[in-house]
Amino acid sequence: MSESFTFYIDGVPVEAAPGMTILDAAQAAGIWIPRLCWHEELEPFGGCRVCTVKMNGRSCAACTQPAEPESVVENDSVALREWRKALVELLFAEGNHFCMACEKSGSCELQALAYRLGIAAPRFEHRWQAREVDASHADVLIDRNRCILCARCVRASRDLDGKNVFGFTGRGPERRVAVNSDARLRDTDLDVSDRAVDICPVGAIIRKGVGFTVPIGARRYDGAPIGSDVESANDELESANEHTEGGAAATVRQEE
Amino acid sequence: MPRPRIATASLAGCFGCHMSLLDLDEGILELAELVEFDRSPIDDYKEFQGRCTVGLVEGGCANEENVATIREFRRCCDVLVSVGDCATMGGIPAMRNLVPLDECLQEAYVDGPTVHNPGGLPPGDAEIPRMLDRVYALHEVVHIDWHLPGCPPSPEAFQAALTALLSGEPAALPPGLIRYD
Ligand code: SF4
Ligand code: SF4
Ligand code: FES
């Protein structure tokens with residue numbers, strides 16, 4: 001085993017083991033890097049670029065870029081916040097997001113990220129292109145209007161459920177999430193208990209019959225903004241470090 | 001010193017944003033002390049009475065009358081605020097943007113299962129404002145100074161924005177008050 005090393009995120013020294021990505025090391029140190037397609041249970045995908053940081057001045061995706069010893073990473077800067085804002089606004093312009101009528105509202109990672117980035121109104125023109133809804137399955141539906149092509153469902157079905165229910169078809173603006181049977185969701189072996197269902201960050205794959213059961217005020221992001229769970233781990237870490245000089249950064253439990 | 005004048009309007013909206021403004025509870029009395037309401041459904045003035053400091057407009061533009069109204073608001077108000085998701089991004093009325101206009105009208109006035117329309121044509125009376133090809137957010141039609149998203153924006157969001165505007169501060173909402181539902 002090679003030694004762990006130190007690098008710097010916005011001037012803060014962060015410990016990393018060789019091979020660890022910038023995002024994983026930041027996460028372990030209680031530093032939140034905005035992200036959408038990344039999920040702790042999945043292999044990184046590097047698709048959404050919301051986690052873009054600068055390492056030694058060059059931009060890269062923090063979820064796929066391994067940390068390097070003594071490297072200097074810029075994360076929470078005005079310029080990067082602006083880039084991320086633009087990326088998130090483009091996702092809203094590209095899909096059809098009517099949050100006021102969406103079952104995922106209040107628990108949606110895309111929406112929560114838009115709130116945290118301070119997006120009051122979209123600045124890009126919407127495409128207003130209707131996409132297909134597949135409600136054929138008894139317990140689950142896909143509304144592609146809300147899909148952000150993060151591939152979490154694809155990875156989860158393949159790597160966690162061992163099923164390969166989801167994939168992609170089309171290119172560029174025509175890219176869509178598809179199901180393996182080339183038919184409809186009900187013709188697949190998808191089960192409502194599959195990880196691929198709940199792992200969707202937005203309201204594109206949703207369970208039927210449970211929409212709007214959680215009251216406003218009690219939804220996932222009603223209380224604290226997205227990312228604050230990672231950061232409060234940092235607060236706990238700091239106070240722990242005060243008591244145990246030089247406590248290791250990697251012992252903090254992450255909740256996501 | 002004359003009190004700042006506020007004008008409000010509802011375009012392609014549901015009046016929910018106005019309801020939320022009234023939901024300031026006793027705060028609405030303080031507001032009424034601080035400002036003079038100009039053209040607004042709240043006092044039922046249909047025309048502008050004078051130049052306004054702040055215009056609060058709910059709803060997007062779905063027809064030609066909406067466009068004329070928002071242009072007039074832009075002419076008559078120093079600061080123009082998009083209020084609610086319909087104004088900031090089209091909202092529920094913009095769901096029709098996914099369907100061509102003639103298909104919408106055909107479904108609503110001819111083919112719909114509950115339609116009784118012996119004439120068999122969508123209404124075309126000259127009194128009825130003509131619909132636009134799609135619903136537009138207000139900032140697609142005129143310059144908008146501030147956005148107050150929400151369906152509707154919470155009374156706290158109104159309070160924060162109005163307090164800021166009336167003291168000449170930027171009305172950028174703190175993240176905690178940005179909501180799309
Ligand atoms: S998926 Fe998220 S962003 Fe899209 S409409 Fe639903 S709550 Fe809003
Ligand atoms: S359906 Fe959900 S999980 Fe799958 S790619 Fe789309 S947004 Fe991601
Ligand atoms: S989280 Fe890194 S690219 Fe999506």
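As a starting point, this report considers the structure included with it. (Residues numbered from 1 in each chain as written. Chains lettered and ligands numbered in written order. Predicted model: local features only at pLDDT ≥ 70, side-chain atom pairs only at ≥ 80, totals over all residues. Heavy atoms only, no water.)

1. Brief notes about the overall build of chain B
Assigned secondary structure in chain B consists of six helices and seven strands. Listed N to C, the secondary structure of chain B is β-α-α-β-β-β-α-β-α-α-β-β-α in terms of helices and strands. The C-alpha atoms of chain B give a radius of gyration of 18 Å, which matches the 16 Å a tight globule of 181 residues would have. If you line up chain B on its principal axes, its C-alpha atoms span 60 × 35 × 30 Å. Counting only residues that meet the buried cut, chain B has 46% of its 181 residues in that class. (Helix = DSSP H or I, 4+ residues; strand = E, 2+ residues; numbered from the N terminus. Rg over C-alpha atoms; globule rule 2.2 N^0.38 Å. Buried < 20%, exposed > 50% of the residue type's maximum accessible area, 1.4 Å probe, protein only.)

2. Comments concerning the nonpolar core
Residue and element names in this part refer to chain A. Counting residues in each nonpolar core, the largest one holds 64 residues, and the members touching the most others are V88 and F166. When sequence neighbours within four positions are dropped, the list of residues in contact with F166 reads I142, C153, V154, S157, V177, A178, V179, L185, L190, A196 and I205. Ranked by size, the runner-up nonpolar core spans 22 residues in total, among them F5, I31, A61 and C63. (Core = buried A, V, L, I, M, F, W, Y, C linked by side-chain atoms within 4.5 Å. Contact = heavy atoms within 4.5 Å.)

3. Focus: the site of ligand 1
Lining the immediate surroundings of ligand 1 are 13 residues, of which H97, C99, C102, C108 and G203 of chain A lie closest. For the shell around ligand 1, the residue count by class is seven nonpolar, four polar and two charged. (Near = heavy atom within 4 Å. Nonpolar A, V, L, I, M, F, W, Y, C, P; charged D, E, K, R; others polar.)

4. What to know about the side chain of N145 of chain A
Residue position: N145 of chain A is located in the loop between β7 (140-143) and α4 (152-160). Given a relative accessible area of 9%, N145 of chain A falls into the buried group. Here R131 of chain A takes part through its backbone nitrogen, which lies 3.0 Å from a polar atom of the side chain of N145 of chain A. Here D143 of chain A takes part through its side chain, which lies 2.8 Å from a polar atom of the side chain of N145 of chain A. Here N145 of chain A is in contact with G95, N96, H97, Q129, A130, R131 and V133 of chain A together with L98 of chain B, once residues within four sequence places are set aside. (Polar contact = N/O pair within 3.5 Å; in protein donor to acceptor, adjacent residues only side chain to side chain.)

5. Let's talk about the environment of E169 of chain B
Examined against the element boundaries, E169 of chain B turns out to sit in the segment after α6 (155-166). Taking the C-alpha atoms as reference, E169 of chain B lies 45 Å from E103 of chain B; in sequence the two are 66 residues apart.

6. Some points on the site of ligand 2
The local shell around ligand 2 consists of C147, I148, L149, C150, A151, R152, C153, C200, P201, V202, A204 and I205 of chain A. Residues belonging to the shell around ligand 2 are distributed by class as follows: 11 nonpolar, no polar and one charged.

7. Things to note about the interface of chain A and chain B
Contact residues are listed per partner, giving 27 residues for chain A and 20 residues for chain B. Contact between chain A and chain B buries roughly 1900 Å² in total, counting both sides, with carbon and sulfur atoms accounting for 66%. Together, M100, Y115 and W128 of chain A form the three largest contributors to the area buried by chain A at its contact with chain B, with a combined 39%. Where chain A packs against chain B, one counts two salt bridges. Linking R134 of chain B and E125 of chain A is a salt bridge whose minimum nitrogen-to-oxygen distance equals 3.3 Å. Our count for the chain A to chain B interface comes out at six residue pairs in polar contact (both at pLDDT 80 or more). Ranked by the residues each element gives to the side of chain A that touches chain B, the list is headed by helix α3 (residues 109-116) of chain A, at four residues. (Buried area = accessible area lost by both parts, 1.4 Å probe. Salt bridge = Lys/Arg side-chain N within 4 Å of Asp/Glu carboxyl O.)

8. Overview of a nonpolar patch on the surface
Residue and element names in this part refer to chain B. Residues F15, M19, L22 and I42 make up a contiguous nonpolar surface patch of about 360 Å² in total accessible area. Secondary-structure assignment places M19 in helix α1 (residues 16-22). Residue M19 is classed as exposed on the basis of its relative accessible area, which comes to 53%. (Patch = residues over 30% accessible without salt bridge, like charges linked within 9 Å, V, L, I, M, F, W, Y side chains within 5 Å. Areas by Shrake-Rupley, 256 points an atom, 1.4 Å probe, with all protein chains shown as cover.)

9. Comments concerning the pairing of strand β1 (residues 5-10) of chain B
All names here are of chain B. Within β1, five of the six residues are buried, leaving the element largely enclosed by the surrounding structure. Pairing of β1 with strand β2 (residues 36-37), which is carried by two bridges, proceeds in the parallel orientation. If you follow R5 over to β2, its bridge partner there is E36. Bridging between β1 and strand β3 (residues 52-58) involves five bridges; their strand directions are parallel. In the sheet register, T8 faces β3, and the bridge partner there is L56. (Pairing = 2+ DSSP bridges.)

10. Some remarks on the pairing of strand β1 (residues 5-9) of chain A
All names here are of chain A. Across the two faces of β1 the burial differs, with F5, F7 and I9 buried and T6 and Y8 not buried at all. With five bridges connecting them, β1 and strand β2 (residues 12-16) associate as antiparallel partners. Bridged to Y8 within β2 is P13. Taking the residues that link successive antiparallel strands as the turn, the β1-β2 hairpin has two residues, and the phi of D10 there is positive, at about 50 degrees. Of the pairings in the sheet, the one linking β1 to strand β5 (residues 72-74) comprises two bridges and is parallel in character. Bridge pairing in β5 links Y8 to V72.

11. Section: a negative patch on the surface
A grouping of D23, D25, E26, E30, E33 and E156 of chain B is seen on the molecular surface, where their side chains present a negatively charged patch. Within the secondary structure layout, D25 of chain B lies in the loop between α1 and α2 (27-34). (Lys, Arg positive; Asp, Glu negative; His and termini not counted. Charge placed at Lys NZ, Arg CZ, Asp CG, Glu CD.)

12. Thoughts on the packing of helix α2 (residues 78-94) of chain A against α3 of chain A
Residue and element names in this part refer to chain A. Two elements in contact, α2 and α3, have axes separated by 10 Å at closest approach and are oriented at 135 degrees. Judged on the interaxial angle alone, α3 and α2 are oblique. Note on packing geometry: the crossing formed by α2 with α3 is left-handed. Every residue of α3 that contacts α2 at V88, L91 and F92 is listed here: L110, Q111, L113 and A114. (Axes fitted to C-alpha atoms, helices over the stretch in contact; angles between N-to-C directions. Parallel < 35°, antiparallel > 145°, perpendicular 65-115°, else oblique. Left-handed = near helix turned anticlockwise from the far one by under 90°.)

13. Some details on the sheet that holds β2 of chain A
Residues and elements named next belong to chain A. The mixed open sheet is built from five strands, whose spatial order is β2-β1-β5-β3-β4. The sheet is open, and its two borders are formed by β2 and β4 (58-61), each paired with just one other strand. On average, each strand axis in the sheet is tilted by 35 degrees relative to the strand beside it, whichever way the strands run.

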